[in-house]
Amino acid sequence: MGSFQACLSALFMLFGLFALCQSFHVRTGTNQTAHFIVNASEASGWKIPDTLFGIFFEEINHAGAGGIWAELVSNRGFEAGGPNTPSNIDPWSVIGDESSLIVSTDRSSCFSRNEVALRMEVLCDINGSKTCPASGVGIYNPGYWGMNIEQGKTYKVVFYITSPGSVNMSVSLASSNGSQILATANIIADASDVSNWTKMEVLLEAEGTNPNSRLQLTTSKSGVIWFDQVSAMPLDTYKGHGFRKELIEMLASLKPRFIRFPGGCFVEGEWLRNAFRWRETIGPWEERPGHFGDVWMYWTDDGLGYYEFLQLTEDLGALPIWVFNNGISHNDQVNTPSILPFVQDVLDSIEFARGDPDSKWGSVRAAMGHPEPFDLRYVAIGNEDCWKKNYKGNYLKFYHAIRNAYPDIKMITNCDGSSRPLDHPADLYDFHIYTSANNMFSMAHQFDNTSRSGPKAFVSEYAVTGKDAGTGSLIAALAEAGFLIGLERNSDVIEMASYAPLFVNTNDRRWNPDAIVFDSSRQYGTPSYWMQQFFAESSGATVLNTTLEASSPNSLIASAITWKNMNDNNNYIRIKIVNFGGDTVNLKISVDGLDLNSVDLFGSTKTELTSNNLMDENSFKEPLKVVPVQSVFQTSGEMMEVVLAPKSFTSFDLLKKSNNLLSTEVVSDHKAYI
């Protein structure tokens, strides 16, 4: 990295400030010209797959734990420090000094898969020689870099306790230093009520707002109390299923047709012992052991588990794509002769998702509240494992077992089939691309020469990375838009595509850039997130045949689709154009097959994504600095002439009046300009 930066510095000195301006600022030089010709006859186009654009969720950057999963408590079961006690209870901390209380861990929990519990011995009392502070002593949890507590909202706090004596304690939501109490409740119990592990539950209504709050468990009564499985969740979650509402609403606006989950490298693990295991993430949350994700280096309680992912796909009206471990991690592999237990584990996972409610694993799903099967149609056999020595052998074991048990399920191989035929059976092949902006834009033609027979592509991970990506720049979004237009135009051989990564908690940025940035209380979309909004209507639409004639053809790419708006029941032609060059483009658009009065002047719109600087980004301070701007677009006369700004992504939605297509006999002799 150091030598690369030194070379860049030398180049900048060589070419000077002018080169820098050319690279990073939008030019306003000479105008280019272009002509975009659209054949409006849907018969000459083709239907885009219903699944073309979706989302890929990986547990990375605290995207789930401390992200879309609304659990506020971090390390709620005290298991993150490992099974041996005494153990580290981070991020839990003590309220009071060592003369007032002693806090430790032991293996006394009532949960067999979560044996560690916290033991709190209180040495002070409300009376006596050693008096407790007025606010009491105890423990607190700051959540994931602060809990966002909002006035008027209600939070459900659940925990388990046991004690040989009576209990008199407070459960509070407070500011980060405890000076401001936002909500509190008292719990009083006789010794007989808590002699065994007992579940406690309180609802706290916040009387104030603080995005950097904590949960406190305090007392002024001497004695010993054990705590375990402490949870705090807002009642107001997405469709009541435990997801952080504002983050999932950002996903919903993309209208994803699928969700690929839960990874990514998270599925593999650095070592198999730390890979995602679906069985450990289902059932009551208190009984889930959690695990350390050793790729992205943090603990997850697995409240967001296999069941919750399936529920999220249903809530968003998307199809689940279950990526499972195929016996391979980054550092160890199961030999193919020993893979059958892993195969059976995957078959069980599919039965959990799809099985009848009276089947072995379908009954577990039904007991969790979902008797109807989930609509699981796709599975991915591993992640980025094609080059590993046991992948092909393991893959075939999974493939044939799943095909035999579930012949309708489509299976995705890790091996790229875009440039040469696969040497093994598959329904789709996975394609990942992380590269510079210039390379990404040029890859719009990656699939132009791909064989039109055989498995289709699943471009499950794409993004501009490196220096010109920043932490989510305009230039990255423009290059990705060009790439997606290329995918759209080649959607006869591409079934799905998704950006990666999806989320980043700004307090734990493990990968850069990401589509959505958030902390405990705020969120914004990067330009790459907003770019994807332009493609929200593409899945299931019809790609039209087009021709682009341009004086600078290497810097322009365009497509046209017809789509129906289900909100107003109107039909539209959407034209999308990326001007990746530094010059303004005077563009003429002509449409074959529409009569002159077929476009409603008052229902057509123009949407543009651009900014003053190619490296412009959004931020918490300026969350809408680089966002699409929509305006009414009124055509006039027989010609539509538009101006494309340098380094811009523009779409035109032309509202079609009914019966607007001319007969094929008329179309063959007539071209209309709008």
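Refer to the structure above for everything that follows.
About the criteria used
Residues numbered from 1 in each chain as written. Predicted model: local features only at pLDDT ≥ 70, side-chain atom pairs only at ≥ 80, totals over all residues. Heavy atoms only, no water. Helix = DSSP H or I, 4+ residues; strand = E, 2+ residues; numbered from the N terminus. Expected span 1.5 Å × (residues − 1). Buried < 20%, exposed > 50% of the residue type's maximum accessible area, 1.4 Å probe, protein only. Pairing = 2+ DSSP bridges. Contact = heavy atoms within 4.5 Å. Axes fitted to C-alpha atoms, helices over the stretch in contact; angles between N-to-C directions. Salt bridge = Lys/Arg side-chain N within 4 Å of Asp/Glu carboxyl O. Parallel < 35°, antiparallel > 145°, perpendicular 65-115°, else oblique. Left-handed = near helix turned anticlockwise from the far one by under 90°. Phe/Tyr/Trp six-rings, centres within 6.5 Å; stacked < 30°, edge-to-face > 60°.

Enquirer: Would you explain helix α5 (residues 340–354) in this entry?
Expert: Given 3.6 residues to a turn, an α-helix orients residues that are three or four positions apart in the same direction. An ideal rise of 1.5 Å per residue puts 21 Å on 15 residues; α5 measures up with 21 Å between its terminal C-alpha atoms. Inspection of α5 places Val343, Val346, Leu347, Asp348, Ser349, Ile350, Phe352 and Ala353 among the buried residues, and these make up the whole buried set.

Enquirer: Honestly, the sheet that holds strand β35 (residues 648–656) in this entry has me stumped. Any pointers?
Expert: Within a sheet, adjacent strands bond to each other through the backbone by hydrogen bonds, running parallel or antiparallel. Here 7 strands make up an open sheet; going across it, the order is β2-β27-β29-β30-β35-β32-β33 and the pairing antiparallel. In this open sheet, the two edge strands, each paired with only one partner strand, are β2 (46–47) and β33 (629–632). Here strand β32 (residues 605–609) runs beside β33; their pairing, made up of 4 bridges, is antiparallel. Its bridge partner lying in β33, Lys606 is registered against Ser631. Each of β2, β27 (542–543), β29 (556–565), β30 (570–579), β32 and β35 touches helix α9 (residues 474–489); the most contacted strand, β29, lies at about 65 degrees to it.

Enquirer: Is there a simple way to explain the pattern of salt bridges in this structure?
Expert: Throughout the structure, instances matching the rule amount to 31 salt bridges. A salt bridge links Glu150 to Lys153; its shortest N-O distance comes to 3.2 Å. Given the relative accessible area of 30%, Lys153 is considered partly exposed. The network of salt bridges with common partners includes Glu150, Lys153, Asp236 and Lys245.

Enquirer: Looking at this model, I keep getting lost on unusual backbone geometry. Mind explaining?
Expert: For residues besides glycine, phi is generally negative; the peptide bonds are generally trans as well. Going from Gly263 to Gly264, the amide bond is cis rather than trans, its omega being 10 degrees. Structurally, Gly264 is set in the loop between β15 (258–261) and α3 (265–268). For the bond running from Ala500 to Pro501, omega is -15 degrees, close enough to zero to count as cis. By secondary structure assignment, the location of Pro501 is in the loop between β23 (494–499) and β24 (503–505). Phi at Gln229 is positive, roughly 50 degrees, even though this residue is not glycine. Tracing the sequence through the fold places Gln229 in strand β14 (residues 223–234). What makes Gln229 buried here is its relative accessible area of 2%. One non-glycine residue, Asp302, adopts positive backbone phi at about 60 degrees. For Asp302, the location among the structural elements is in the loop between β17 (298–300) and α4 (306–315). Its relative accessible area of 5% is what places Asp302 among the buried residues.

Enquirer: What exactly am I supposed to notice about the packing of α4 against α5 here?
Expert: The geometry of α4 relative to α5 is characterised by a closest axis approach of 11 Å and an angle of 45 degrees between their N-to-C directions. When the axes of α4 and α5 are compared, the pair comes out oblique. Helix-helix and strand crossings are classified by hand; for α4 and α5 the assignment is right-handed. Residues Tyr306, Tyr307 and Leu310 of α4 form the contact with α5, whose own contacting residues are Ser349, Ile350, Phe352 and Ala353.

Enquirer: When you look at the environment of Gly382 in this model, what are you seeing that I'm missing?
Expert: Mapped onto the elements, Gly382 comes out in the loop between β19 (378–381) and α7 (391–405). Under the relative-accessibility criterion, Gly382 is labelled buried at 1%. For the pair formed by Gly382 and Val517, sequence separation is 135 residues and the distance between their alpha carbons is 27 Å.

Enquirer: Is there a simple way to explain the packing of aromatic side chains in this structure?
Expert: For any pair of aromatic rings, the description rests on two quantities: the centre-to-centre distance and the angle between the ring planes. Evaluation of the coordinates by the stated rule reveals 37 aromatic pairs. Considering the side-chain rings of Trp296 and Trp511, the 6.4 Å spacing of their centres and the 85 degrees angle between planes classify their relative orientation as edge-to-face. Of this pair, Trp296 sits in the loop between β16 (291–293) and β17 while Trp511 sits in the loop between β24 and β25 (516–518); the two residues are 215 residues apart in sequence, bridging distant segments of the chain. Classification of Trp296 as buried rests on a relative accessible area of 14%. A ring pair is formed by Tyr395 and Tyr399, whose centres lie 5.9 Å apart and whose planes are at 25 degrees; its orientation type is stacked. Here Tyr395 and its partner Tyr399 are both found in helix α7, 4 residues apart, which amounts to about one turn of the helix. Accessibility assignment for this pair places Tyr395 and Tyr399 in one class, buried.

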